[in-house]
Amino acid sequence: MKILVCISHVPDTTSKINFTDDDTKFDTQGVQFVINPNDEFGLTRAMWFKEKQGASIDVINVGNSSSEPTLRKALAIGADKAIRINSEPLDGFFVAKQIAEYVQTNSYDLIIAGRESIDYNGAMVPGLVAGLLKMNYVTNCTKLEIDNGKAKMDREIDGGKETLSCSLPLIIGGQKGLVEESDLRIPNMRGIMQARQKPLEVLEAFEFSSNTNTIKFYKPEPKQAVKLVSADNLDELINLLHKEAKVL
Amino acid sequence: MSVLTYIESSNGKIKKNGFELASYSCELAKSLNTDVVALTINAEDVNELSSYGIKKIIKVNNESLNKFSASSFADIISKVADNTSSSHIVLCSSLDSKYLAPLLAADINAAYVNNVIGLPTNLEPFTVKRSAFTNKAFSDSSVSSEKIIIGLSNNSFGLVESSVSTEIEELDFEVQNSNLTVDSSEKVSGQISIADADIVVSAGRGMKGPENWNLIEDLADTLGAATACSKPVSDMGWRPHSEHVGQTGKPVATNLYIAIGISGAIQHLAGINSSKIKVVINNDPEAPFFKAADYGVVGDAFDVVPRLNEKLKEFKAQNS
Ligand SMILES: Cc1cc2nc3c(=O)[nH]c(=O)nc-3n(C[C@H](O)[C@H](O)[C@H](O)COP(=O)(O)OP(=O)(O)OC[C@H]3O[C@@H](n4cnc5c(N)ncnc54)[C@H](O)[C@@H]3O)c2cc1C
Ligand SMILES: Nc1ncnc2c1ncn2[C@@H]1O[C@H](COP(=O)(O)O)[C@@H](O)[C@H]1O
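Residues numbered from 1 in each chain as written. Chains lettered and ligands numbered in written order. Predicted model: local features only at pLDDT ≥ 70, side-chain atom pairs only at ≥ 80, totals over all residues. Heavy atoms only, no water.

Asks: Go over the site of ligand 1, please, and point to the residues and values.
Replies: All names here are of chain B. Close to ligand 1 lie 27 residues, the nearest being Lys208, Ser230, Ser263, Gln267 and His268. The separation between an oxygen atom of ligand 1 and a polar main-chain atom of arginine 205 is 2.8 Å. Here a nitrogen atom of ligand 1 and a backbone polar atom of asparagine 283 are 3.3 Å apart. Contact with the protein chains hides 77% of the accessible area of ligand 1, taken as 990 Å² for the molecule alone. Those elements that place two or more of their residues in the shell around ligand 1 are helix H5 (231-235), helix H6 (266-272) and helix H8 (301-318). Counted by class, the shell around ligand 1 contains 7 nonpolar, 15 polar and 5 charged residues. (Near = heavy atom within 4 Å. Polar contact = N/O pair within 3.5 Å; in protein donor to acceptor, adjacent residues only side chain to side chain. Areas by Shrake-Rupley, 256 points an atom, 1.4 Å probe, with all protein chains shown as cover. Helix = DSSP H or I, 4+ residues; strand = E, 2+ residues; numbered from the N terminus. Nonpolar A, V, L, I, M, F, W, Y, C, P; charged D, E, K, R; others polar.)

See below:
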């Protein structure tokens, strides 16, 4: 089985969010970048297929050279080959077009992406790839089994879950549940050494334009200080929620 | 050119967020100087939409659509958008609508902007405000394509009542066959889901153990609220995973979020930031949650929560 894992390269969750260039760009100064957590779950599940069922794993990122350490980390975890499509990831549509174009000439049985990137929260790349290539697609995927070319999945739905099945090829948007956090792997020395020998192909981007543009970023207004209510005066809390906040 | 909004239903009934979607779409259409068409799939009674300005409804009813299928639903929306020459399509931010949105975008070659929190701030180029970085920031995004799919954040716009008379057109579509099938689905019944709730009562490790959750459930009952929890609570199996909120769990955008015995770690806050009013109950005045909250009570949950519940019951009895 040939698996492609889409990796988005995102600021670590605890990063301070700041902007530069007149608030048009995310300020990467001092920010630690990581594999998008949803993609890390996916990559770990791909490793399970590789080890238990036999599979090859390619990882792909649309990004500039700053995402190479993230791709190397994916190789150190156990992917076989990395592909970087050399371009700023302009928007989700642009990224999806690049991936779709690549997949058309390099077919895969299974494409694993995340339900969303934790930076721009676009939640669109895998769905767009699926739409462009007319592939089976399941997002919010919390479980994935593959047997004889047939996939069985769980999907989180509002207020519950559902079980789906389909034939391959398939693209999923994965999230926690695909594997547990305790299954995530920290690359060891051997993995890191091996990763240096593994191929990291850099391809030129295809000519596509983006269809959205960020004009400006801004941060929320500084919040007003919390109003503390004494534990002995809960009527006051109810009063505030009713009269001031108007939520009761 | 018109605005098309796909309004979800559940068991034949319009979902509550449909009224916000209708309100938003009507205001959007006004600013674009055009009309709104609402699309429902397998809804029975759609009359309530007349109270929120919807003058035209296209009702699609087909048994083979009883189970949600992202590709079939996207296909129907795409055809209706084509028939009605809709340039702007408005969707809610339920998991189902977020699932189908990119499929639809690819199909009709539209730009898709989600997490939208208001009407366009500019029409040339079409510009909307969105939340990003899990609500730690906002962006103004402009769109250059002719067709636009807008994913509206829950509870970000509110309701605009306007009674109109509504024309209903019933349509049927052939549903394409797919080898992707839904084999079974489980919904926690009788409970309000986090996605549909106006109020969420959430609790963390401060509750000490699952046996104490009756306090949380009782409070949620009184308020007609959904229950939620922090990540360690679901990791330890005190509560089901479906209740886990935060960056790696569910996002919550309710009117009122009550956090009990939750410290307020950044990953937890990331998921609940867009809730309007946050109340925190914690015995540690230094808990970081107090910095993110609107109202706070410093106190022991085991003392405060039952008393709060009693007082809320009295309040409800007087105000209903
Ligand atoms: C990559 C990553 C992703 C994560 N994603 C999430 C996520 O999605 N959601 C999430 O919730 N967490 C997430 N976390 C975990 C997060 O960092 C915190 O560890 C977690 O939110 C803490 O849960 P808690 O507040 O219930 O527990 P604690 O931090 O242990 O806090 C318990 C609180 O209860 C208070 N307390 C104790 N006794 C009482 C009492 N009797 N009455 C009142 N208050 C009391 C304490 O003062 C304390 O503030 C993530 C972490 C990482 C690294
Ligand atoms: N620049 C990128 N390169 C490769 N994969 C990406 C990129 N951006 C997003 N993805 C994939 O698409 C998923 C959803 O991302 P998004 O649509 O940006 O929220 C991510 O979890 C990744 O798997």
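Asks: Tell me about the interface of chain A and chain B, and please be specific about residues and values.
Replies: Across the boundary between the two partners, chain A contributes 73 residues, which contact 79 residues of chain B. Here chain A and chain B share an interface that buries about 6700 Å² over both sides, 58% of which is from carbon and sulfur atoms. Counting every contact that joins chain A to chain B gives 8 salt bridges. A salt bridge links aspartate 183 of chain B to lysine 152 of chain A; its shortest N-O distance comes to 3.8 Å. Our count for the contact surface shared by chain A and chain B stands at 36 residue pairs in polar contact (both at pLDDT 80 or more). Of all elements in the fold, only helix H4 (125-133), strand E9 (136-147), strand E10 (150-157), strand E11 (160-167), strand E14 (212-218), strand E15 (227-228) and helix H6 (234-244) of chain A reach the threshold of two or more residues within the side of chain A that touches chain B. In terms of residue class, the side of chain A that touches chain B is made up of 34 nonpolar, 22 polar and 17 charged. Two strands pair when backbone bridges link them, and E11 of chain A and strand E13 (residues 181-187) of chain B are joined in this way by 6 bridges, in the antiparallel orientation. Note on E13 of chain B: the bridge partner recorded for glycine 160 of chain A is lysine 187 of chain B. (Contact = heavy atoms within 4.5 Å. Buried area = accessible area lost by both parts, 1.4 Å probe. Salt bridge = Lys/Arg side-chain N within 4 Å of Asp/Glu carboxyl O. Pairing = 2+ DSSP bridges.)

Asks: Summarise helix H1 (residues 37-53) of chain A; cite the residues concerned and give the values.
Replies: Residues and elements named next belong to chain A. The terminal C-alpha atoms of H1, which comprises 17 residues, lie 24 Å apart, in line with the 24 Å expected from a rise of 1.5 Å per residue. Burial analysis of H1 places 12 of its 17 residues in the buried class, the great majority of the element. Of all the positions in H1, only Pro37, Asn38, Asp39, Glu40, Phe41, Gly42, Leu43, Thr44, Arg45, Ala46, Met47 and Phe49 are classed as buried. Looking one or two places after H1, you find glycine 54, whose phi comes out positive at around 80°. (Expected span 1.5 Å × (residues − 1). Buried < 20%, exposed > 50% of the residue type's maximum accessible area, 1.4 Å probe, protein only.)

Asks: Pulling in residues and values, what's your account of the state of the cysteines?
Replies: Residue and element names in this part refer to chain A. Tallied over the entire structure, the rule returns 0 disulfides over all chains. As a non-bridged cysteine, cysteine 166 has cysteine 141 as the owner of its nearest cysteine sulfur, 9.6 Å distant. By relative accessible area, cysteine 166 is classed as buried at 0%. (Disulfide = S-S within 2.5 Å.)

Asks: I'd love a proper account of the sheet that holds E10 of chain A, names of residues and values included.
Replies: With respect to topology, 10 strands assemble into an open sheet ordered E13(A)-E7(A)-E6(A)-E1(A)-E8(A)-E12(A)-E9(A)-E10(A)-E11(A)-E13(B), the strand pairing being mixed. With one partner strand each, in any of the chains shown, strand E13 (200-204) of chain A together with E13 of chain B form the two edges of the open sheet. Strand-to-strand twist of the sheet, defined as the mean angle between neighbouring strand axes without regard to direction, takes the value 30°. Pairing analysis gives 5 bridges linking strand E1 (residues 2-6) of chain A to strand E6 (residues 56-63) of chain A, with the strands arranged parallel. Bridging from a neighbouring strand, leucine 4 of chain A pairs with aspartate 58 of chain A of E6 of chain A. (Axes fitted to C-alpha atoms, helices over the stretch in contact; angles between N-to-C directions.)

Asks: Before we move on, can you summarise the domain arrangement of chain B with the specific residues and values?
Replies: Residue and element names in this part refer to chain B. For chain B, the assigned domains read domain 1 (2-171) and domain 2 (194-319). The distance between the C-alpha centroids of domain 1 and domain 2 comes to 31 Å. With 7 residues of domain 1 at the contact, the number on the domain 2 side is 13 residues. Together domain 1 and domain 2 conceal approximately 850 Å² of surface at their shared face, both sides included; 36% is due to carbon and sulfur atoms. A salt bridge links aspartate 198 to lysine 16; the nearest nitrogen and oxygen atoms lie 3.1 Å apart. (Domains from an automatic or database assignment.)

Asks: Tell me about the side chain of threonine 222 of chain B, residues and numbers included.
Replies: All names here are of chain B. Checked against the element boundaries, threonine 222 lands in helix H4 (residues 213-223). A polar atom in the side chain of threonine 222 sits 2.5 Å from the side chain of asparagine 309. When sequence neighbours within four positions are dropped, the list of residues in contact with threonine 222 reads Asn309, Leu312, Lys313 and Lys316.

Asks: Give a detailed account of empty space enclosed by the protein, specifying residues and quantitative values.
Replies: The final tally for this structure, using the stated rule, is 3 cavities of 30 Å³ or more. Of the pockets and cavities examined, the largest cavity occupies roughly 60 Å³. Along the walls of the largest cavity sit Pro11, Asp12, Thr13, Ser15, Ile17, Ile118 and Asp119 of chain A together with Phe133, Thr134, Lys136 and Gln247 of chain B, which together make up its complete lining. The residue inventory of the lining of the largest cavity, partitioned by class, reads 4 nonpolar, 4 polar and 3 charged. Space inside the second largest cavity adds up to approximately 40 Å³. Along its surface, the second largest cavity is lined by Leu237, Ile238, Leu241 and Leu248 of chain A together with Leu223, Ile258, Leu308 and Leu312 of chain B. Of all the elements, H6 of chain A adds the most residues to the lining of the second largest cavity, at 3 residues. For the lining of the second largest cavity, the class distribution of residues is 8 nonpolar, no polar and no charged. (1 Å grid on protein atoms, 1.4 Å probe; cavity = no way out; pocket = protein on both sides within 12 Å on 5 of 7 lines; lining within 4 Å. Points joined across faces, edges and corners; volume = space filled by probe spheres on them.)

Asks: Any chance you could break down the packing of aromatic side chains for me, citing the residues and the numbers?
Replies: Evaluation of the coordinates by the stated rule reveals 17 aromatic pairs over all chains. Here a set of aromatic residues connected by ring pairs shows up, and it is made of Phe19, Phe26, Tyr120 and Phe217 of chain A together with Phe133 of chain B. One Lys or Arg, lysine 2 of chain A, reaches over the ring of tyrosine 108 of chain A and ends 4.6 Å from the middle of that ring. Above the plane of the ring of phenylalanine 138 of chain B lies lysine 129 of chain B, whose end atom (NZ or CZ) is 4.8 Å from the centre. (Phe/Tyr/Trp six-rings, centres within 6.5 Å; stacked < 30°, edge-to-face > 60°. Lys NZ or Arg CZ within 6 Å of the ring centre and 35° of its normal.)

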